[in-house]
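Architecture at a glance
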Amino acid sequence: MPLLLRSLRFFQCLSTLLLLQHILSSAPLVAALSSTTTPARTSPYNAIVKNVFVPGLENGMDYTRLGDSDLVISKVCMGTMTFGEQNTQEEGVAQLHKAFDMYGINFLDTAEMYPVPTKPETQGRTDAAVAQYLKEHGNRESVVLATKVCGRQERITWLPRSSPGSAALTRQQILDSVDASLQRLGVDYIDLLQLHWPDRYAGGTFGTPDFTPEAYEQAPMPTAFEEQLGALQEVIQAGKVRYVGVSNETPYGVCSMANLAKTAPDLYPKIVSIQNSYSLVVRKDFESGLAEACYHENVSLLPYSPLAGGSLSGKYRGSRLTLFPGFMDRYLGSLNEQAVNAYCEIAESINLTPAQLALSWCYHNPLVASTIIGATTLEQLEENIMAFDIRLDESVMKQIQETYRKYTDPTKRG
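These figures come from a predicted structure and were not determined experimentally. (Residues numbered from 1 in each chain as written. Predicted model: local features only at pLDDT ≥ 70, side-chain atom pairs only at ≥ 80, totals over all residues. Heavy atoms only, no water.)

**Brief notes about the sheet that holds strand E2 (residues 57-65)**
Quick reminder of the rule: At least two bridges found by DSSP between two strands is the condition for calling them paired. Runs of E in the DSSP output that reach at least two residues are strands. Runs of H or I that reach at least four are helices, and both are numbered from the N terminus. Working convention: axes come from line fits to C-alpha atoms, limited for helices to the stretch in contact. Angles between N-to-C directions cover 0 to 180 degrees.
Within the open sheet, the three strands sit side by side as E1-E2-E3. Their pairing is antiparallel. Only two strands of the sheet have a single partner each, and these edge strands are strand E1 (48-54) and strand E3 (72-74). Sheet twist, expressed as the mean angle between neighbouring strand axes with direction ignored, is 35°. Where E1 and E2 come together, five bridges link them in antiparallel fashion. Counterpart to Val52 in the pairing with E2 is Met61.

**Observations concerning the packing of aromatic side chains**
Applicable threshold: Side-chain rings of Phe, Tyr and Trp, where Trp is taken by its six-membered ring, are said to pair if the distance between their centres is within 6.5 Å; with planes under 30 degrees apart they count as stacked, over 60 as edge-to-face, and otherwise as tilted. Geometrically, a lysine NZ or arginine CZ counts as sitting over a ring once it is within 6 Å of the ring centre and also within 35 degrees of the ring normal.
The tally for this structure, following the rule as stated, stands at nine aromatic pairs. One Lys or Arg, Lys50, reaches over the ring of Tyr63 and ends 5.1 Å from the middle of that ring.

**What to know about the pairing of strand E4 (residues 76-79)**
Convention followed: Here the term buried applies to any residue with accessible area under 20% of the maximum for its type, exposed to any over 50%, and partly exposed to those in between, with areas from a 1.4 Å probe on protein chains only.
Side chains Val76 and Met78 project from E4 onto one buried face, and the interleaved Cys77 and Gly79 project onto a second face that is buried too. Here three bridges tie E4 to strand E11 (residues 371-373), and the two strands are oriented parallel to one another. By the bridge assignment for E11, Cys77 is matched with Ile372. The sheet contact formed by E4 and strand E5 (residues 107-109) spans two bridges and is parallel. Note that in E5 the partner of Met78 across the bridge is Leu108.

This is the structure we're talking about:
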């Protein structure tokens, strides 16, 4: 028996060596393998493709291409999650007119569950405001319209679906969501459809504790990536959606989906964007793994909450953020308060508001394609957009980096 095993191992090694020799002698195959791991980039990541003069900005609005799509988007994106809750529908429409007409924004983001906090009696109100704006605006092709389909959540049972049940990223729920969104928005197509959060347990979502094997093994069985991407391919082929992206995702999710699209492009679409929380106090999760994955897969970052739930505006220093229990908890810890105070002091030392510092840093960050902002008043909206004119110099960026080294993960609560 030992002699037989040694013989088998010898032939296995010999076969492996012959295979490697064949692979290494095949230049076309080596080139093909290389091209799948490191795609050739035709232009710099998040490169500015044009600048347009607009009435509200001294330096005009910059535009970039979203991932490897043909969507050209403004560097500032209008978030809408307060429309229908903190803002009336009319106020939301007025904000969109101001942003598009005065500041050159051409990109807006909504979601089927909006406004927040999500609840059955208000679900869809945000889309009603967006639909009214699109009707008044009159030029659908000039607006890059993004929306989101809910990820798995047991407590969300009121979304328009063909069968009752909790939200999940199954094929049928994705198809139902797209049809309902098109109807609410009064449009024929969606430019960018995003998966709002993963169907699987991934850890760290909305400030929850980071991933653990035990929590994953106890979580419900997730919908396979193949089923999710297959449904997205269906709505693209039907002409209902142009491009797809993800939100609140991890390097594992981004790379898994990108690889499926590479291996079977006829079955699975390529994701072009990721919408994750990213700000002066929420950086590490993206920069320590996702940044590399997104660069190599040409997936554009669309940061939400660049003011960290409003905490980086400096308006809540010494008070508590209680409007959205649970979601805002990550910004309440003493360590985050210390970090916010440090960034506020930097802003004050150069005669900027804390919001201007935080937004300028995000707007002109080389990792960022377009920053999603939100406001509850027109005055606040204009202050936020006008921060795009501000460029932080090297000495300020050095102070920010020193503060980041001291407070690397201030919102993590274990």
